[in-house]
Amino acid sequence: MEKKKTVMLLSGGLDSTTAMAIALAESYNVYAMSFRYGQRHSIELESARRVAEAMSIARHLIVDIDLRAIGGSALTDEIAVPQSRSSEEMMAGIPVTYVPARNTIFLSFALGWAEVIGAVDIFIGVNALDYSGYPDCRPEYIEAFERMANLATKAGVEGRMRFKIHTPLIAMTKAEIIRQGLALGVDYSLTHSCYDPTPEGLACGQCDSCVLRQKGFSEAGARDPLVYAG
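Below you will find a few notes about this structure. (Residues numbered from 1 in each chain as written. Predicted model: local features only at pLDDT ≥ 70, side-chain atom pairs only at ≥ 80, totals over all residues. Heavy atoms only, no water.)

Points about the pairing of strand β3 (residues 59-64)
Pairing of strand β2 (residues 29-36) with β3, which is carried by six bridges, proceeds in the parallel orientation. Residue pairing for β3: methionine 33 is matched across the bridge by leucine 61. Crossover handedness for the path β2 to helix α2 (residues 44-54) to β3: right-handed. (Pairing = 2+ DSSP bridges. Helix = DSSP H or I, 4+ residues; strand = E, 2+ residues; numbered from the N terminus. Right-handed = clockwise from strand over helix to strand, strands pointing away.)

Here it is as structure tokens:
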């Protein structure tokens, strides 16, 4: 029997890599999509390539879009990336590392590709627990996008396809995500999570993403294989 196809949004980070491992464990034929969108941490694309190659997926597509044209985020504009914030500070509001409408843009590209290749399933590694407060990581957002996907596509309107957005990590802590990934054989040394890496490509160890990653590995009782600056 031919495996079901899925489009996987792959950033090269810890969460999306774990989500892809889950999709593979569920016997999906994975078509991964990554984006070169003008992000300051473009080193993540090298991680995405390594992960895609190591996991032997069907295809890995890197799409070029320039979100620097609109800016508005520390990841795409001349805005400093917050450093050494406490958990309370992270949960106090939406941080400047939020990229305006990023997941909506990415999911829209994934939806288009899914319709073309005949995949009704789309996987995204969003998480609503140990995260930085992004509005496009919440369950209600994912539910709304899924409804829209089935209204906005030819295949959905004709009833030929019923699109489903899969978020296997959405209710997991970072430690639970890491334990799940390790159980599935994920090599986290291939991943990169830092928002503000050094020119040499080392993780800063101080941005929200690095802090959450380190906290997750500590709580999971596992060693983080990522090399940090300093």
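Some words on the packing of aromatic side chains
Aromatic rings considered in pairs are described by the distance between their centres and by the relative angle of their planes. Counted by the stated rule, this structure contains eight aromatic pairs. Centre to centre, the rings of tyrosine 188 and phenylalanine 217 are 5.7 Å apart; their planes meet at 90 degrees, and the pair counts as edge-to-face. Note that tyrosine 188 is positioned in the loop between α7 (174-183) and α8 (208-220) and phenylalanine 217 in helix α8, a separation of 29 residues in sequence. Both residues of the pair, tyrosine 188 and phenylalanine 217, belong to the buried class. (Phe/Tyr/Trp six-rings, centres within 6.5 Å; stacked < 30°, edge-to-face > 60°. Buried < 20%, exposed > 50% of the residue type's maximum accessible area, 1.4 Å probe, protein only.)

Regarding the side chain of arginine 213
Along the chain, the position of arginine 213 falls in helix α8. Using a relative accessible area of 2% as the deciding quantity, one classes arginine 213 as buried. When near neighbours in sequence (up to four residues on either side) are disregarded, arginine 213 contacts Leu14, Ile178, Tyr188, Thr191, His192, Ser193, Asp224, Pro225, Leu226 and Tyr228. (Contact = heavy atoms within 4.5 Å.)

Comments concerning the pairing of strand β1 (residues 5-9)
Within β1, four of the five residues are buried, which leaves it mostly tucked inside the rest of the structure. Bridge analysis of β1 against β2 gives five bridges, and the strand direction is parallel. Bridging across to β2, leucine 9 finds its partner in methionine 33. When β1 meets strand β4 (residues 121-123), the two strands line up parallel, connected through three bridges. When the bridges of β4 are listed, methionine 8 appears paired with phenylalanine 123.

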